[in-house]
Amino acid sequence: MTVYVIDDHPLMRDALTMLVHRVKPGLKIIPIHKLNVVESTVEKNGAPELFCLDLQLPDTLGMSGVQVLKAKFPDVPLAVVTSASASEFEARCLEAGANAFIEKSNSPTQIIAALRSLLVSEEEEAAAEEAATPAGPTKLSKRQKQLILMLDQGLSNREIAEKLDISEHTVKVHFWRLFRRLGVNSRTQALHFARTNGWLGI
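Conventions adopted
Residues numbered from 1 in each chain as written. Predicted model: local features only at pLDDT ≥ 70, side-chain atom pairs only at ≥ 80, totals over all residues. Heavy atoms only, no water. Buried < 20%, exposed > 50% of the residue type's maximum accessible area, 1.4 Å probe, protein only. Helix = DSSP H or I, 4+ residues; strand = E, 2+ residues; numbered from the N terminus. Arc of directions from axis to C-beta. Contact = heavy atoms within 4.5 Å. Phe/Tyr/Trp six-rings, centres within 6.5 Å; stacked < 30°, edge-to-face > 60°. Pairing = 2+ DSSP bridges. Axes fitted to C-alpha atoms, helices over the stretch in contact; angles between N-to-C directions. Parallel < 35°, antiparallel > 145°, perpendicular 65-115°, else oblique. Nonpolar A, V, L, I, M, F, W, Y, C, P; charged D, E, K, R; others polar. Salt bridge = Lys/Arg side-chain N within 4 Å of Asp/Glu carboxyl O. Left-handed = near helix turned anticlockwise from the far one by under 90°. Polar contact = N/O pair within 3.5 Å; in protein donor to acceptor, adjacent residues only side chain to side chain.

K.L.:
I would appreciate a short explanation of helix α2 (residues 38-45) in the present structure.
P.N.:
Residues lying three or four places apart along an α-helix face the same way, a consequence of the helix completing one turn every 3.6 residues. Within α2 the residues assigned to the buried category are Val38, Thr41 and Val42. Within α2, the buried residues cover an arc of 100° as seen down the axis, which keeps them to one side. In α2, those exposed residues whose orientation departs by more than 90 degrees from the buried face are Glu43 and Lys44. On its buried face, α2 is in contact with β1 (2-6), β2 (28-32), β3 (48-53) and α3 (64-72). Immediately beyond the C-terminal end of α2, within one or two residues, lies Gly46, with a positive phi of roughly 110°.

Below you can see the structure in the form of structure tokens.
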């Protein structure tokens, strides 16, 4: 599997490549300088495990890069890594399908933590946590059970991050995985699923 770093600044591409290597050594990392060569580059270099995308590319405008990548590669995690401010763009990026929003002004440690949450597989995550136990036909990890309980309490992403001592980016990725596991698209649907299956109050 391959990670594609899409950024028109050579120094930033090199920096992100180094950080990704620190997250998961041995990954194949391919730098790309603009969006319109992504498909041909993927054909030559193999299936993507993660896209790291800068919003401000020569051939993108606003959310167009996110929208194009999610349309062509809907199941591939996408991290927006940008100098744009979170207050202005994060919600729009996540709504457009991005799985994480990472400001370039963040420390290397913060960026690594956000990327790790996308690059560590569900199997690896489950192995690091307590063994998953059956919950009806669906198996949930300890972390996913915690998220459902916190959803039921009406906690925000920030409050959940504080309780679990993880970043908000990591909380969003955990929800993304939980929603995929349950086959739902929102917090409301996840809670309905949990209540229907009698998972709450246990």
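K.L.:
In this structure, what is going on with the packing of aromatic side chains? I would like to understand it.
P.N.:
Describing an aromatic ring pair means giving the distance of the ring centres and the angle of the ring planes. Under the defined criterion, the tally for this structure stands at three aromatic pairs. An aromatic cluster is present here, built from Tyr4, Phe51 and Phe73 joined pairwise through their rings.

K.L.:
Looking at this structure, how should I read the sheet that holds strand β4 (residues 78-82)?
P.N.:
Within a sheet, neighbouring strands are paired by backbone hydrogen bonds and run either parallel or antiparallel to one another. Here five strands make up an open sheet; going across it, the order is β2-β1-β3-β4-β5 and the pairing parallel. Looking at which strands have only one partner, the edges of the open sheet turn out to be β2 and β5 (100-103). Neighbour to neighbour, the strand axes of the sheet diverge by 20° on average, direction disregarded. The pairing of β1 with β2 spans five bridges and is parallel. Its bridge partner lying in β2, Val5 is registered against Pro31. Along the sheet face, helix α4 (residues 86-96) touches β4 and β5 and points at about 155° away from the line of β5.

K.L.:
Is there a simple way to think about the packing of helix α8 (residues 157-164) against helix α9 (residues 168-182) in this case?
P.N.:
The packing of two helices is summarised by the inter-axis angle and the distance between the axes. Following both chains from N to C, one finds α8 and α9 inclined at 105°, their axes separated by 8 Å at the closest point. With respect to each other, α8 and α9 are oriented roughly perpendicular. Residue-level contacts link Asn157, Arg158, Ile160 and Ala161 of α8 to Glu168, Val171, Lys172 and Phe175 of α9. The residue inventory of the contact of α8 with α9, partitioned by class, reads four nonpolar, one polar and three charged.

K.L.:
Could you clarify how one ought to interpret the environment of Leu200 in this entry?
P.N.:
With respect to the helices and strands, Leu200 occurs in the segment after α10 (187-196). Distance in space between the C-alpha atoms of Leu200 and Lys145 is 9.3 Å, their sequence separation being 55 residues. Those residues in contact with Leu200 that lie beyond four places of it in its chain are Ile148, Leu149, Asp152, Leu191, Ala194 and Arg195.

K.L.:
Help me understand the pattern of salt bridges, please; the structure alone is not making it clear to me.
P.N.:
Enumeration over the complete set of coordinates arrives at seven salt bridges. Taking the shortest distance from any N to any O, the salt bridge between Glu49 and Lys24 comes out at 3.1 Å. Residue Glu49 is found in strand β3, and its partner Lys24 is found in the loop between α1 (10-23) and β2; the two are separated by 25 residues along the sequence. Of the charged contacts in the structure, one is a salt bridge between Arg158 and Glu168, with a shortest N-O distance of 3.2 Å.

K.L.:
Could you clarify how one ought to interpret the packing of α9 against α10 in this entry?
P.N.:
Interaxial distance between α9 and α10 falls to 10 Å at its minimum, and their mutual angle equals 50°. Our classification of the angle between α9 and α10 gives oblique. Crossing geometry of α9 relative to α10 is assigned as left-handed. Between α9 and α10, the contacting residues are Phe175, Phe179 and Leu182 on the first element and Arg187, Ala190 and Phe193 on the second. Looking at side-chain class alone, the contact of α9 with α10 contains five nonpolar, no polar and one charged residues.

K.L.:
Help me out: how do you make sense of the side chain of Glu49 in this one?
P.N.:
Residue Glu49 is classed as buried on the basis of its relative accessible area, which comes to 16%. Reaching out from Glu49, the side chain makes a polar contact with the side chain of Lys24 at a distance of 3.1 Å. Each residue touching Glu49, except ones within four places of it in the same chain, is listed here: Met1, Thr2, Lys24, Leu27, Val76, Pro77 and Leu119.

Don't take any of this as a statement about function, it's just geometry.
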